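Take a look at the letters that make up each chain.
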Amino acid sequence: MATIGIYKPSPNDLNPISRSYLSNPKFQFQTNKKQKRINYKINNNRTTIYAIHNSKLSKENKKDSKEEKKLGFVDYDEGKHQKISIQVTGFRKDDIQKRYRLRVDGDPSQKDWTISEVVEKILKLKHWDDIDGKVLNRWAGRFARKNYPLLIQEITKRGAIEHSVEVFRWMKNQKTYCARNDIYNMMIRLYGRHNHIDQARGLFFEMQEWRCKPDIETYNALINAHGRAGQWRWAMNIMDDMLRSSIAPSRSTYNNLINACGSSGQWQEALKVCKKMTDNGVGPDLVTHNIVLTAYKSGGQCSKALSYFDLMEGTNIRPDTTTFNIVIHCLVKLEEYERAVEIFNGMREKRAECHPDTVTYTTILCAYSACGQIENCKAIFAMMLAEGFNPSIVSYNALIGSYASQGMDKEALSVFNGLKRIGVKPDVVSYTSLLNAYGRSGQPEKAREILEMMKRNSLKPNLVSYNALIDAYGSEGLLTEAVEVLREMEGDGIQPNVVTICTLLAACGRCGQMVRVDTVLSAAKSRGIELNTTAYNSAIGSYLSMEEHEKALTLYKAMRIKKVKPDSITCNILMSGFCKIGKYSESLEFLQEMKDLKIPFSKEVYSSAICAYSKQGQLSEAEYMFSEMKMSDCCPDAIAYTTMIHAYDAAGNWEKACDLFADMEINEIEPDSIACSSLMRAFNKGCQPTQVVRIAQLMREKAIPFSEATFFEIISACSMLRDWRSTMSLIEMMEPSFSRVSIGLLNQLLYFIGKSGKVETMMKLFHKIVASGAEINFGTYSVLLKNLLAVGKWRKYRGIAVDGGCRNTTLTWNVPQYLSLCIERE
């Protein structure tokens, strides 16, 4: 047996039960002289660690003792380990009084168990079994009154509420039992942990009946219990009662009270308690600061939390991992993703004082998910595994949710199955995220299967689950099925909320069923659901999509009467809706209303305003709006530039349109096919076909997809230039799209090539068009016949005429005339 060093475990080396011992002053380690040394017994490559605490001698009787052992082992060959655990011996048969010892010796059913053995035997029984007869009445240690606090302490640590209640009931019926504060305090904490507040208060009054005066730990436990249940007013009243009893609150008391207010979202009350704490001379510690930060976070005051953190850095208290986790969470909520990732990377450095944990990784994973960076989500999850962390159910749910947000159902299902393979039971959030993945990928039937699977696994779908299924059906236009889900949801006792109404209204707009919109609004009113801005936006948008502008305007007026403030989305929906039907002046009235209500303009609002002004021929007002947009926080995007190019096109000012396109390149805004086609149209109108070809080359270099409008403008430009070489390269680009391009555009292309004298090229193109499956009409044959006749290709002319007469009945009347003409020429 070799002796190496001094053994003093740190809190990070122990499990939660052991750490509670270290944090308790009654179980603190003694000085180095009285400590036992660690012993390493090496046998077959197995290292077994034993550490025996000092015996705590009672002042009343030095022979009374309780012994604790910390045991654990590590097997490097097998890759197994056992966490350090505490074995409590307690007062055994030799420690009890002689008259009780004689009774135990004379009865073979009486067992000399340690306290840890008693706890294990109790927990193996069902709480409705005869715990008294099977275990407790057979235990010799029951005659030692000092065993009771140890027994109740060990069993409450396991969190078994039913067993603890049974043991406490048995304990109070024993003659040797004496009511003590620490026993009641432990039971109050246990009730608080299980949210049994009435029972905790009952114990508080019961202990006073036993003439057991509550101490500061009792009040702390009771305040903590009410804080867990969200009853912060009760916690404040308990604090007042504590002061009336002349018991001075400690730092833990204030921390519990601040936590009670903060967890209920009452961050202002939490700050008042914090100020009172400082005024009474009790300085805050790191726990206090973390609780205040959590209070800000729970109250949705993320900006205030970050300001508080900045002030905290100026004190001598250094933040820990919990502090940084809260800060990262607040940064993610405020969409300051770069700063959140910067703090995370700083925590991962080798010399960092605080290193990331599972919560940190999960929060960063959520940040990347919000940005739509799925690859980074996968990398963070893999990094978490590589660092040796065991992802929690929340981590898995966050990864499934990131896939679901992009409609990646296969990847989401793979993570979901991996969750089950490692033995972790999926919860409601897991199933709902997978359901949402199928909904986003356009598979509502599979989403329904996930909901049924959830029910089969004894999990009750919540409001979010049903809303996701309604959205899955509504996104595919299956309004009847979405309404059936609503009825099923109400049948399960779950009342719809405003999100449900918004989802149904959006589905009505997709299906174009105005009657359904009225029905959904009536259903919301009958259920007492107050519509918010988002709900009004969905209803107004649905009416406008069905061209019911009067109803949309009536609903907007009702929205204003009910004092629901519109936002930029509301005004943009109305502006664009009225622009579509040509009511541009009415559209601009909403712009003025936004100014009166001091609603900040969005990019979409600026684009709608520019469109309305340009359609009315008010180019100067459109330019003013565009300049104002550039000076504001809303930097113009591709849509805004395209709208302005349209305005210059309508005004016939191709020079300014060209300058605007160059400005897009300077500002590194990638143009789309719509912007390019608008600019090409402006150039063609201004007789600048060379510029059109240049734009086409630019589109090819930047891999901007060609649309039918761009093809039309390029053909028109080539026709003006008589540039058949550019036309041939254009044909190569168009070949994959022949089946999707309109026949009118193809006819124009055939006409241009034939008119240029390239009849053979025209015929090759014609055969390619036929092979692609594009539908040939009368105009196509007319173009071919005219061009063949013009160059004297009468034999091909006759073949095309016959083929056209067979393919198209409209050519039948002209075939004899064409044939007679051919015979005359022959």
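For the structure itself, look to the data block above.
In this report, we go over the structure that sits alongside the text. (Residues numbered from 1 in each chain as written. Predicted model: local features only at pLDDT ≥ 70, side-chain atom pairs only at ≥ 80, totals over all residues. Heavy atoms only, no water.)

## Things to note about the packing of helix α10 (residues 232-244) against helix α11 (residues 251-263)
Look at α10 against α11: their axes get within 8 Å of each other, and the N-to-C directions meet at 155°. It follows that α10 is roughly antiparallel to α11 by the angle criterion. Here α10 runs over α11; the crossing is left-handed. Side by side, α10 and α11 meet where Trp-232, Ala-235, Met-236, Met-239 and Met-242 of the first sit next to Thr-253, Tyr-254, Leu-257, Ala-260 and Cys-261 of the second. (Axes fitted to C-alpha atoms, helices over the stretch in contact; angles between N-to-C directions. Helix = DSSP H or I, 4+ residues; strand = E, 2+ residues; numbered from the N terminus. Parallel < 35°, antiparallel > 145°, perpendicular 65-115°, else oblique. Left-handed = near helix turned anticlockwise from the far one by under 90°. Contact = heavy atoms within 4.5 Å.)

## As for the side chain of Thr-642
Counting through the fold element by element, Thr-642 comes out in helix α33 (residues 638-651). Exposure remark for Thr-642: the relative accessible area of 6% places this residue in the buried category. (Buried < 20%, exposed > 50% of the residue type's maximum accessible area, 1.4 Å probe, protein only.)

## What to know about the pattern of salt bridges
In total, this model carries 28 salt bridges according to the counting rule given. Asp-518 is the partner of Lys-551 in a salt bridge, and the nearest nitrogen-oxygen pair spans 3.1 Å. With Lys-551 in helix α28 (residues 549-561) and Asp-518 in helix α26 (residues 514-526), the pair connects residues that are 33 residues apart, well separated along the chain. Accessibility expressed as a relative area gives 31% for Lys-551, which makes it partly exposed. A relative accessible area of 27% places Asp-518 in the partly exposed class. Each of the salt bridges in this network shares a partner with another, and the network as a whole consists of Arg-448, Glu-452, Lys-455, Glu-488 and Asp-492. (Salt bridge = Lys/Arg side-chain N within 4 Å of Asp/Glu carboxyl O.)

## Side note on the packing of aromatic side chains
By the definition in use, this model includes 18 aromatic pairs. Judged by centre distance (5.5 Å) and plane angle (85°), the ring pair of Phe-168 and Tyr-184 falls under edge-to-face. Linking Phe-168 in helix α6 (residues 161-172) with Tyr-184 in helix α7 (residues 181-193), this pair joins segments that are 16 residues apart in sequence. As far as the burial class goes, Phe-168 and Tyr-184 line up, both buried. Each ring, one from Phe-204 and one from Phe-205, has its centre 5.6 Å from the other, and the planes form 70°; the classification is edge-to-face. (Phe/Tyr/Trp six-rings, centres within 6.5 Å; stacked < 30°, edge-to-face > 60°.)

## Some thoughts on helix α12 (residues 267-279)
Between its terminal C-alpha atoms α12 stretches 18 Å, which fits the 18 Å expected from 13 residues at 1.5 Å a residue. All of the buried residues in α12 are Trp-267, Glu-269, Ala-270, Val-273, Cys-274 and Met-277. End-on, the buried residues of α12 take up no more than an arc of 155°, which puts them together on one face. Along α12, the residues that are exposed and aim more than 90 degrees away from the buried face are Gln-268, Lys-272, Lys-275 and Asp-279. The inward-facing, buried residues of α12 contact α10, α11, α13 (286-298) and α14 (302-312). Following α12 by one or two positions, Gly-281 adopts a phi angle in the positive range, close to 85°. (Expected span 1.5 Å × (residues − 1). Arc of directions from axis to C-beta.)

## Considering the nonpolar core
Leu-151, Ile-152 and Leu-591 are the most contacted members of the largest nonpolar core, which has 227 residues in total. Leu-591 has contacts with Met-575, Phe-601, Val-605, Ala-609, Tyr-613 and Met-625, leaving out every residue within four places of it along the chain. (Core = buried A, V, L, I, M, F, W, Y, C linked by side-chain atoms within 4.5 Å.)

## As for unusual backbone geometry
Notably, Arg-211 is not glycine yet its phi reads approximately 60°, a positive angle. Position of Arg-211 relative to the elements: it lies in the loop between α8 (197-209) and α9 (216-228). Phi angles above zero are rare outside glycine, and Lys-563 is one such case at about 60°. You can see Lys-563 is positioned in the loop between α28 and α29 (568-580).

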